[in-house]
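So you can see what is in the structure, the chains are spelled out below.
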Amino acid sequence: MDDPRFNDIFNEDFDGNYDNVMNRIVDQINYPSCESSGASIDGTGDDSNGNDSDDSNDDDDDDDVDDDSDGDDAFIIRRHFNRKKLIICIAGAINTYYINYMYKEPCMVSYNTGMRWLSEVLRCHWKRSVNMFRMDATTLLSLCTELKTHHGLKPLKRMSVIEKVAMFLFTIAVGALNRQVQERFQHSGETISRCFKEVLKSLRLFVVEVIKSVDP
């Protein structure tokens, strides 16, 4: 295998190019299982009288046999070396695939999670809660209880109703972007968007029940 691209992969120079790695593996799999060793065995013919050829022909045949043996040994060694190359290529392809498509490095791993921050705000001076959520802690907890009990707002496996409502109010109160809420509460953008819609749906039911038109 004298393909320079294959040698680049063998030397770990593929720079995460998964397609290039796979192409080289396909080339190796399709590599012929056998190739001519360049040795030929000449048939020893009989003379017109049915006698064997002379001693010089016998010596030539012995040399050809030795050449065949050497060629076979070289071919076996080469195939063994190419098999090691193939193993390295497969390992590199698996590693590249894992890094690109399977491994996910955790992003929101701060010790100061959203629930820790929320608990701190609700336990401290009431102004902090008003500044962040436009209501004091008592009102916020009452709203959470109402939405959970009567309007179908449910907690998630790793998120309470209080945190859901707090994320919604924080977004509305300070005009925060999704990315800012992600950093503040340490949740993914998808989770925040889904929770925002859930809280909004519950609040719509709550508003219909609370705000009613008065007949003149």
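Residues numbered from 1 in each chain as written. Predicted model: local features only at pLDDT ≥ 70, side-chain atom pairs only at ≥ 80, totals over all residues. Heavy atoms only, no water.

1. Some details on the overall build of the chain
- Helix and strand counts for the chain stand at nine helices and zero strands.
- The N-to-C order of helical and strand elements in the chain reads α-α-α-α-α-α-α-α-α.
- Taking the intrachain contacts of the chain between residues at least 6 apart in sequence as the baseline, contacts between residues at least 24 apart amount to 62%.
- Per element, the accessible surface of the chain, about 15,200 Å² overall, is 53% carbon and sulfur. (Helix = DSSP H or I, 4+ residues; strand = E, 2+ residues; numbered from the N terminus. Contact = heavy atoms within 4.5 Å. Areas by Shrake-Rupley, 256 points an atom, 1.4 Å probe, with all protein chains shown as cover.)

2. Some details on the packing of helix 6 (residues 137-150) against helix 9 (residues 189-210)
- Viewed as axis vectors pointing N to C, helix 6 and helix 9 meet at an angle of 95 degrees, and their least axial separation amounts to 10 Å. What the angle tells us is that helix 6 and helix 9 run roughly perpendicular. Two secondary-structure elements touch here, helix 6 through Leu143, Glu146 and Leu147 and helix 9 through Ser202, Leu203, Phe206 and Glu209.
- Split by residue class, the contact of helix 6 with helix 9 holds four nonpolar, one polar and two charged. (Axes fitted to C-alpha atoms, helices over the stretch in contact; angles between N-to-C directions. Parallel < 35°, antiparallel > 145°, perpendicular 65-115°, else oblique. Nonpolar A, V, L, I, M, F, W, Y, C, P; charged D, E, K, R; others polar.)

3. Description of the nonpolar core
- If you look at the biggest cluster of nonpolar residues, it comprises 25 residues, and the most contacted ones within it are Phe133, Val165 and Leu169.
- Of all elements in the fold, only helix 4 (114-123), helix 6, helix 7 (161-174), helix 8 (178-185) and helix 9 reach the threshold of two or more residues within this core.
- Considering each element in turn, this core owes the most residues, seven residues, to helix 7.
- In this structure, Leu169 is in contact with Met132, Phe133, Met135, Leu140 and Leu143, ignoring residues within four places of it in sequence. (Core = buried A, V, L, I, M, F, W, Y, C linked by side-chain atoms within 4.5 Å. Buried < 20%, exposed > 50% of the residue type's maximum accessible area, 1.4 Å probe, protein only.)

4. What to know about the packing of helix 8 against helix 9
- Relative orientation of the contacting elements helix 8 and helix 9 amounts to 100 degrees, with a least axis distance of 9 Å. On the basis of the axis angle, helix 8 is roughly perpendicular to helix 9. Of the residues in helix 9, those touching helix 8 at Asn178, Val181 and Gln182 are Gly189, Ile192 and Ser193.
- Tallied by class, residues from the contact of helix 8 with helix 9 come to two nonpolar, four polar and no charged.

5. Side note on the confidence of the model for the chain
- Mean pLDDT for the chain: 76, with 65% of residues reaching 70 or above.
- The element-level mean pLDDT for the chain is lowest in helix 1 (residues 4-10), coming to 51, with helix 7 highest at 95. (pLDDT = per-residue confidence, 0-100.)

6. A look at helix 4
- Turning to helix 4, its buried residues are Gly114, Trp117, Leu118 and Val121. Angularly, the buried residues of helix 4 cover 100 degrees about the axis, an arc narrow enough to put them on a single face.
- Residues of helix 4 that are buried in the fold lie against helix 5 (126-133), helix 7 and helix 8. (Arc of directions from axis to C-beta.)

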